[in-house]
Amino acid sequence: MEKYVCPCGYEYDPEVGDPDNGVAPGTAWEDVPDDWVCPICGLGKDSFEAE
């Protein structure tokens, strides 16, 4: 699965998810809720780039 990177440097890895913010491990990027934001800087999904 592809990883997605925020301009601040945070990397969303689908295998890890973001369990502290309600995204379970194994959650594909497409299935991350649209209102989810970067846990580091607060930018939305539309700011992330595929790695």
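Rules and cut-offs
- Residues numbered from 1 in each chain as written.
- Predicted model: local features only at pLDDT ≥ 70, side-chain atom pairs only at ≥ 80, totals over all residues.
- Heavy atoms only, no water.
- Core = buried A, V, L, I, M, F, W, Y, C linked by side-chain atoms within 4.5 Å.
- Buried < 20%, exposed > 50% of the residue type's maximum accessible area, 1.4 Å probe, protein only.
- Contact = heavy atoms within 4.5 Å.
- Phe/Tyr/Trp six-rings, centres within 6.5 Å; stacked < 30°, edge-to-face > 60°.
- Helix = DSSP H or I, 4+ residues; strand = E, 2+ residues; numbered from the N terminus.
- Pairing = 2+ DSSP bridges.

Trainee: Break down the nonpolar core for me, with residues and values.
Mentor: The biggest cluster of nonpolar side chains holds 10 residues, and these are Tyr4, Cys6, Tyr10, Tyr12, Val23, Trp29, Val32, Trp36, Cys38 and Phe48. Apart from residues no more than four positions distant in its own chain, Val32 is found in contact with Tyr12, Val23, Thr27 and Lys45.

Trainee: Explain the packing of aromatic side chains residue by residue, including any values.
Mentor: Across all of its chains, the model carries 8 aromatic pairs by this definition. Consider the rings of Tyr10 and Trp36, whose centres lie 6.3 Å apart with planes at 45°: the pair is tilted. Taken together, the positions of Tyr10 in the loop between β1 (4–5) and β2 (11–12) and Trp36 in the loop between β2 and β3 (49–50) put the pair 26 residues apart, joining distant regions of the chain. What makes Tyr10 buried here is its relative accessible area of 16%. Overall, the relative accessible area of 5% leaves Trp36 in the buried class. Both rings, one in Tyr12 and one in Trp29, keep their centres 5.4 Å apart while their planes meet at 50°; by these two values the pair is tilted. Note that Tyr12 is positioned in strand β2 and Trp29 in the loop between β2 and β3, a separation of 17 residues in sequence. The residues Tyr12 and Trp29 share a single accessibility class, namely buried. In textbook terms, an aromatic cluster arises when at least three aromatic residues are bridged by ring pairs, as seen for Tyr4, Tyr10, Tyr12, Trp29, Trp36 and Phe48.

Trainee: Talk me through the sheet that holds β3; I want residue IDs and the actual numbers.
Mentor: With respect to topology, 3 strands assemble into an open sheet ordered β2-β1-β3, the strand pairing being antiparallel. Pairing within the sheet leaves two strands with one partner each, and these edge strands are β2 and β3. Pairing analysis gives 2 bridges linking β1 to β2, with the strands arranged antiparallel. Pairing of Val5 across the sheet is with Glu11, part of β2.

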